[in-house]
Amino acid sequence: MAASTSIVPVAVTAAVAPVLSINSDFSDLREIKKQLLLIAGLTRERGLLHSSKWSAELAFSLPALPLAELQPPPPITEEDAQDMDAYTLAKAYFDVKEYDRAAHFLHGCNSKKAYFLYMYSRYLSGEKKKDDETVDSLGPLEKGQVKNEALRELRVELSKKHQARELDGFGLYLYGVVLRKLDLVKEAIDVFVEATHVLPLHWGAWLELCNLITDKEMLKFLSLPDTWMKEFFLAHIYTELQLIEEALQKYQNLIDVGFSKSSYIVSQIAVAYHNIRDIDKALSIFNELRKQDPYRIENMDTFSNLLYVRSMKSELSYLAHNLCEIDKYRVETCCVIGNYYSLRSQHEKAALYFQRALKLNPRYLGAWTLMGHEYMEMKNTSAAIQAYRHAIEVNKRDYRAWYGLGQTYEILKMPFYCLYYYRRAHQLRPNDSRMLVALGECYEKLNQLVEAKKCYWRAYAVGDVEKMALVKLAKLHEQLTESEQAAQCYIKYIQDIYSCGEIVEHLEESTAFRYLAQYYFKCKLWDEASTCAQKCCAFNDTREEGKALLRQILQLRNQGETPTTEVPAPFFLPASLSANNTPTRRVSPLNLSSVTP
């Protein structure tokens, strides 16, 4: 669904318009710093704290301005002056989360700032009541039908203002949020695009737009303002769409033009490396970020995922204790503690902390996915399915949730459902071998062996993380009595595990040597068969077979059997795999024809 939108910028309020005209490039960093400081103040006045924090952090990464260059606050309009008392009182109530009270005292105000805070207070009041009811009545895993009752009224009122072209950039942002909450996605995209034209400095509008874009094609159809803010948006959306090389290039460009001290950019680069499973690089960047900003909590749950994958118990324990000291009731802290307990195989405690994270923020994506994993560990498939579905509702681009659903339905022996979810995960991560291997296994169970072969080949081509694709392919060839192809796959598998230099135990190594020993024995290649049989003797499960084969080879040699010269595939020098149409480069998502639910 692409939104083809061509927006003519609406005039911003006269008081703010001159200062908000922004550059299309990074040629004047001083001017950019002035703009960031200005928008940080404007968003703070309207209670948009995350946008304010983002702008302030970015401004802090740029050199300080001399006193003579600091911008004075925007002039106060007549309407602002009339609403000053009501706004000041309501903002105080808003800051202590008394949203209904704030809205009551702002009713009837005419200034754009007061009107935004009035509508935003009503919106947040509805959201708070919805979250409270969800947590109290249904629990975090119920399929809640609780709605924000204020949304429809807000939509009607904001729609009238929008048609009369009376909404400023902040008003358009709120209108877009209301439309998104009502699942009016196309209309929301149009409004957010308009908001970025009217007020390009507001990061919140860009971020909301980012959450609605599902692929690169959709991005191409958007008519976005040509400003320096667009570069930050593109870097972020490329990361979200798993276009990691493009994202890293954008972030490198931002560092080169002067944002090298930005903790936001450093953290996004770490997240990007996490997404492509370059774990060592991501860990290194996160450790540097912790030194630079030791009290930072954002993205620490991602850091804990990396520590979990590496089984770094002491480091994960230290991180959990450290975040507890900073703020034990942040969602990221709860997720880090949950990961710590999960690593210690205390899955009930882990699930408890992920539930706590969701009570703090029911829309927190990472907690839903991680809780699904914990329920899988506890063999509670129905709860795992609900958790993964919630994660997908929050973000349809979360490949881990699609993959988790595939695994769950695989356990339930429902291969068609499982195939559907694995395909969705593969579309999001076309170069992730785990998705391709899972797809191949599914096709194998459905007896679609041609498609299964294709998946295993491609899993090997894109860099097989778990070193299993070739073995599975070899077994498939075995099943189809394609002995030469099976042997080539096993040989390549052995080459790969020996060439990687890692001293790790590969469970299928003995299987590969056993098959090759038998294959070479049938081909009367005694030297190669003997070498493989000797290797078999090193493994418990194949030792006896190896010894028996060695005795047979010795017996045949003593009887004067001569080795054959017909098979041109000596040990460790297999025929080129390209002869079997093996892909040798990164590939696009598979276009597989199959029956899906």
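What counts and what doesn't
Residues numbered from 1 in each chain as written. Predicted model: local features only at pLDDT ≥ 70, side-chain atom pairs only at ≥ 80, totals over all residues. Heavy atoms only, no water. UniProt positions renumbered as here; feature names shortened; annotations may be inferred. Helix = DSSP H or I, 4+ residues; strand = E, 2+ residues; numbered from the N terminus. Contact = heavy atoms within 4.5 Å. Areas by Shrake-Rupley, 256 points an atom, 1.4 Å probe, with all protein chains shown as cover. Axes fitted to C-alpha atoms, helices over the stretch in contact; angles between N-to-C directions. Parallel < 35°, antiparallel > 145°, perpendicular 65-115°, else oblique. Left-handed = near helix turned anticlockwise from the far one by under 90°. Nonpolar A, V, L, I, M, F, W, Y, C, P; charged D, E, K, R; others polar. Patch = residues over 30% accessible without salt bridge, like charges linked within 9 Å, V, L, I, M, F, W, Y side chains within 5 Å. Salt bridge = Lys/Arg side-chain N within 4 Å of Asp/Glu carboxyl O. Buried < 20%, exposed > 50% of the residue type's maximum accessible area, 1.4 Å probe, protein only. Phe/Tyr/Trp six-rings, centres within 6.5 Å; stacked < 30°, edge-to-face > 60°. Lys NZ or Arg CZ within 6 Å of the ring centre and 35° of its normal. Core = buried A, V, L, I, M, F, W, Y, C linked by side-chain atoms within 4.5 Å. Domains from an automatic or database assignment. Expected span 1.5 Å × (residues − 1). Polar contact = N/O pair within 3.5 Å; in protein donor to acceptor, adjacent residues only side chain to side chain. pLDDT = per-residue confidence, 0-100.

Per an unreviewed UniProt entry, the protein goes by Cell division cycle protein 23 homolog and derives from Pan troglodytes. Listed under Sequence similarities (unreviewed entry) in UniProt, the entry text for the protein is "Belongs to the APC8/CDC23 family." Under the Pathway (unreviewed entry) heading, UniProt states for the protein: "Protein modification; protein ubiquitination."

Section: the overall build of the protein
A tally of regular secondary structure across the protein gives 29 helices and zero strands. In the protein, 61% of the contacts between residues at least 6 apart in sequence involve partners at least 24 apart. Carbon and sulfur atoms make up 50% of the accessible area of the protein, which amounts to about 28700 Å² in all.

Some thoughts on the UniProt feature "repeat: TPR" (unreviewed entry) in the protein
Sequence positions flagged by UniProt for "repeat: TPR" (unreviewed entry) are, in local numbering, residues 331–364 and 365–398. Helix makes up 79% of residues 365–398 and strand makes up 0%, while its end C-alpha atoms are separated by 8 Å.

Observations regarding the packing of helix H7 (residues 169–181) against helix H9 (residues 203–212)
Two numbers describe how H7 lies on H9: the axes approach to 10 Å, and their chain directions differ by 25°. Considering their axes alone, H7 and H9 lie roughly parallel with respect to each other. Of the two elements, H7 crosses H9, and the hand of that crossing is left-handed. Only Gly204, Ala205, Glu208 and Leu212 of H9 make contact with H7, whose side of the interface consists of Tyr173, Val177 and Arg180. Taken together, the residues of the contact of H7 with H9 break down into four nonpolar, one polar and two charged.

Brief notes about a nonpolar patch on the surface
Taken together, the side chains of Leu37, Leu67 and Leu70 present a nonpolar region at the surface, about 320 Å² in accessible area. Along the chain, Leu70 falls in the loop between helix H2 (49–60) and helix H3 (78–95).

Here we look at unusual backbone geometry
The residue Lys379 is not glycine, and still its phi comes out positive at about 65°. Following the sequence through the fold, Lys379 ends up in the loop between helix H19 (365–377) and helix H20 (381–394). Relative accessible area serves as the criterion here: at 67%, Lys379 is assigned to the exposed category. One non-glycine residue with positive phi stands out, namely Lys524, at about 60°. Within the element layout of this structure, Lys524 appears in the loop between helix H27 (509–522) and helix H28 (526–536). A relative accessible area of 36% places Lys524 in the partly exposed class.

Concerning the packing of aromatic side chains
With the rule as written, the count across this model stands at 31 aromatic pairs. Pairing Phe26 with Phe259 gives two aromatic rings, centres 5.9 Å apart and planes at 80°, and the pair type is edge-to-face. Taken as a pair, Phe26 in the segment before helix H1 (29–45) and Phe259 in helix H12 (residues 244–259) lie far apart in primary sequence, 233 residues in all. Looking at Phe259, the relative accessible area reads 0%, which means it is buried. Here the aromatic rings of Phe521 and Trp526 are separated by 5.7 Å at their centres, their planes lie at 55°, and the arrangement is tilted. These aromatic residues form a ring-pair network of at least three members: Phe26, Trp54, Trp203, Trp228, Phe232, Phe259 and Tyr264. When the ring centre of Tyr115 is taken as origin, the NZ or CZ atom of Lys161, which lies over that ring, is 4.5 Å away. Lying across the ring of Trp402, Arg424 places its NZ or CZ 4.2 Å from the centre.

Quick notes on the environment of Ala86
For Ala86, the position within the fold is in helix H3. Residue classification places Ala86 among the partly exposed residues on the basis of a relative accessible area of 22%. It is 9.9 Å that separates the C-alpha atoms of Ala86 and Gly108, two residues lying 22 residues apart in sequence. Ignoring any residue separated from it by four or fewer positions in sequence, one finds Ala86 in contact with Phe105, Leu106 and Cys109.

Points about the nonpolar core
Nonpolar side chains in soluble globular proteins tend to be buried together. Core analysis: the largest hydrophobic core is formed by 188 residues, its most contacted members being Tyr123, Leu209, Phe232, Phe233 and Ile237. The element best represented in this core is helix H5 (residues 112–138), accounting for nine residues. Built from parts of two domains, this core gets at least three residues from each of domain 1 (395–505) and domain 2 (517–560). Not counting residues up to four positions away in its chain, the partners in contact with Leu209 are Ile189, Phe192, Val193, Leu222, Leu224 and Phe233.

Remarks on the environment of Ala195
Locating Ala195 in the fold gives a position in helix H8 (residues 185–198). In the structure, Ala195 is positioned 23 residues away from Leu172 in sequence and 5.3 Å away in space, judged by C-alpha atoms. Ala195 has contacts with Gly169, Leu172, Tyr173, Pro200 and Ala205, leaving out every residue within four places of it along the chain.

Here we look at the pattern of salt bridges
In this structure the tally under the stated criterion is 30 salt bridges. Measuring nitrogen to oxygen at the nearest pair gives 1.9 Å for the salt bridge that ties Lys53 to Glu298. Of this pair, Lys53 sits in helix H2 while Glu298 sits in the loop between helix H14 (279–292) and helix H15 (300–309); the two residues are 245 residues apart in sequence, bridging distant segments of the chain. Among the residues examined, Lys53 registers a relative accessible area of 32% and is labelled partly exposed. For Glu298, a relative accessible area of 21% translates into the label partly exposed. As a salt-bridge pair, Glu240 and Arg397 come within 3.1 Å of each other at their nearest N and O atoms. In this pair, Glu240 is assigned in helix H11 (residues 229–240) and Arg397 in the loop between H20 and helix H21 (399–411), connecting sequence segments 157 residues apart. Taken together, the salt bridges that share partners define one network made up of Glu127, Lys130, Lys181 and Arg363.

Observations regarding helix H13 (residues 263–275)
Because each turn of an α-helix spans 3.6 residues, side chains separated by three or four positions end up pointing in the same direction. A rise of 1.5 Å per residue sets the reference length of H13, with its 13 residues, at 18 Å; its end C-alpha atoms lie 18 Å apart and thus fit the reference within 8%. With respect to burial, H13 is a largely interior element, 13 of its 13 residues being buried. The N-terminus of H13 is capped by Ser262, whose side-chain oxygen sits 3.3 Å from the backbone nitrogen of Tyr264.

Some thoughts on the confidence of the model for the protein
With 86% of its residues at a pLDDT of at least 70, the protein reaches an overall mean of 84. A low-confidence stretch, residues 1–19 stays under pLDDT 50, and its non-local contacts, those more than four residues away or across chains, total 37 contacts.

Details of helix H26 (residues 483–499)
Relative to the 24 Å expected for 17 residues at 1.5 Å per residue, H26 spans 24 Å between its end C-alpha atoms, a close match to the ideal helical length. Restricting attention to buried positions, one finds in H26 the residues Ala486, Ala487, Gln488, Cys489, Tyr490, Ile491, Tyr493, Ile494, Asp496 and Ile497. In this structure, the buried residues of H26 make contact with helix H24 (449–461), helix H25 (469–479) and H27.

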